[in-house]
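Geometric and topological summary
So you can see what is in the structure, the chains are spelled out below.
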Amino acid sequence: MAYDPSLVDPMRKELTDLGVLEMHTADEVDSVLGKAEGTTLVIVNSVCGCAAANARPGVALALQHPDLPDRVTTVFAGQDLEATEQARKYFKGYFPSSPQIALMKDGEVACMLERYDIEGRTAEDVGGKLAAAFDEYCRVVVG
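Throughout what follows, the structure given in this document is the object of discussion. All of these numbers come straight from a predicted model, not from anything done at the bench. (Residues numbered from 1 in each chain as written. Predicted model: local features only at pLDDT ≥ 70, side-chain atom pairs only at ≥ 80, totals over all residues. Heavy atoms only, no water.)

**A closer look at the overall build of the chain**
- Along the backbone of the chain there are six helices and five strands.
- Across the chain, helices and strands are ordered from the amino to the carboxyl terminus as α-β-α-β-α-β-α-β-β-α-α.
- Computed over the C-alpha atoms, the radius of gyration of the chain is 14 Å, within 12% of the 15 Å expected from 2.2 N^0.38 for a compact globule of 143 residues.
- Summarising its shape, the C-alpha atoms of the chain cover approximately 50 × 30 × 30 Å along the three principal directions.
- Among the 143 residues that make up the chain, the fraction classed as buried is 48%.
- Of the roughly 7200 Å² of accessible surface on the chain, 53% is carried by carbon and sulfur atoms.
- The chain carries 13 positive and 23 negative side-chain charges, and their two centres are separated by 2 Å. (Helix = DSSP H or I, 4+ residues; strand = E, 2+ residues; numbered from the N terminus. Rg over C-alpha atoms; globule rule 2.2 N^0.38 Å. Buried < 20%, exposed > 50% of the residue type's maximum accessible area, 1.4 Å probe, protein only. Areas by Shrake-Rupley, 256 points an atom, 1.4 Å probe, with all protein chains shown as cover. Lys, Arg positive; Asp, Glu negative; His and termini not counted. Charge placed at Lys NZ, Arg CZ, Asp CG, Glu CD.)

Pasting the structure below:
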């Protein structure tokens, strides 16, 4: 059973206010991740405390970085059930966790932050790990 929308709407808004694209269905996931060239950040959002204290604020910090992914997307575990399950099919080699943040490059996981990488860390730690991944995989090389 999915979470009550009134419970998760404020948690969704934390990301959508940053310009993060929500994916609600498996078809939406496939249309974004199935053909994605370049880089895509996929945030598996959650109601848990580590999502509230570390993951979403960490993403907000990382999105201030000069080198950013081509697309930034999210699914909500516990509410967008079909979309979350479909997104996780793209995370080959990783167990499902909530929250979870994947940086995809040309359809493959380039960097993954699982719950154990987020829980007990600070938002600055999470943002710093994402910024380092952006430096490695999203930087536009000139010349």
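Having seen it, we continue.
**Thoughts on the sheet that holds strand 3 (residues 71-76)**
- Strand order in this open sheet of five strands is 1-3-2-4-5, and the pairing throughout is mixed. The strands lining the two open edges of the sheet, one partner per strand, are strand 1 (21-22) and strand 5 (108-113).
- Where strand 4 (residues 100-105) lies against strand 5, five bridges are found, and the strand directions are antiparallel. Residue pairing in the sheet places M104 in a bridge with V109 of strand 5. (Pairing = 2+ DSSP bridges.)

**A few points about the pairing of strand 2 (residues 39-45)**
- A large share of strand 2 lies buried, amounting to seven of its seven residues.
- Of the two faces of strand 2, both are covered, the one formed by T39, L41, I43 and N45 as well as the one formed by T40, V42 and V44.
- Taken together, the six bridges between strand 2 and strand 4 define a ladder with antiparallel strand orientation. By the bridge assignment for strand 4, V42 is matched with A102.
- Taken together, the six bridges between strand 2 and strand 3 define a ladder with parallel strand orientation. Bridge pairing in strand 3 links L41 to V72.
- On the question of chirality, the crossover connecting strand 2 to the parallel strand 3 by way of helix 3 (residues 49-62) is right-handed. (Right-handed = clockwise from strand over helix to strand, strands pointing away.)

**Focus on the side chain of D80**
- Mapping D80 onto the fold places it in the loop between strand 3 and helix 4 (81-89).
- Since its relative accessible area comes to 6%, D80 is described here as buried.
- With near-sequence residues (within four places) excluded, D80 lies in contact with R12, M23, H24 and V75. (Contact = heavy atoms within 4.5 Å.)

**Structural notes on the pattern of salt bridges**
- For the structure on display, the rule yields five salt bridges.
- The salt bridge involving D80 is made with R12; its shortest N-O contact spans 2.7 Å. Here D80, found in the loop between strand 3 and helix 4, pairs with R12, found in helix 1 (residues 5-16); they are 68 residues apart in sequence, far enough to count as distant.
- R12 gets classed as buried once you look at its relative accessible area, which sits at 10%. (Salt bridge = Lys/Arg side-chain N within 4 Å of Asp/Glu carboxyl O.)

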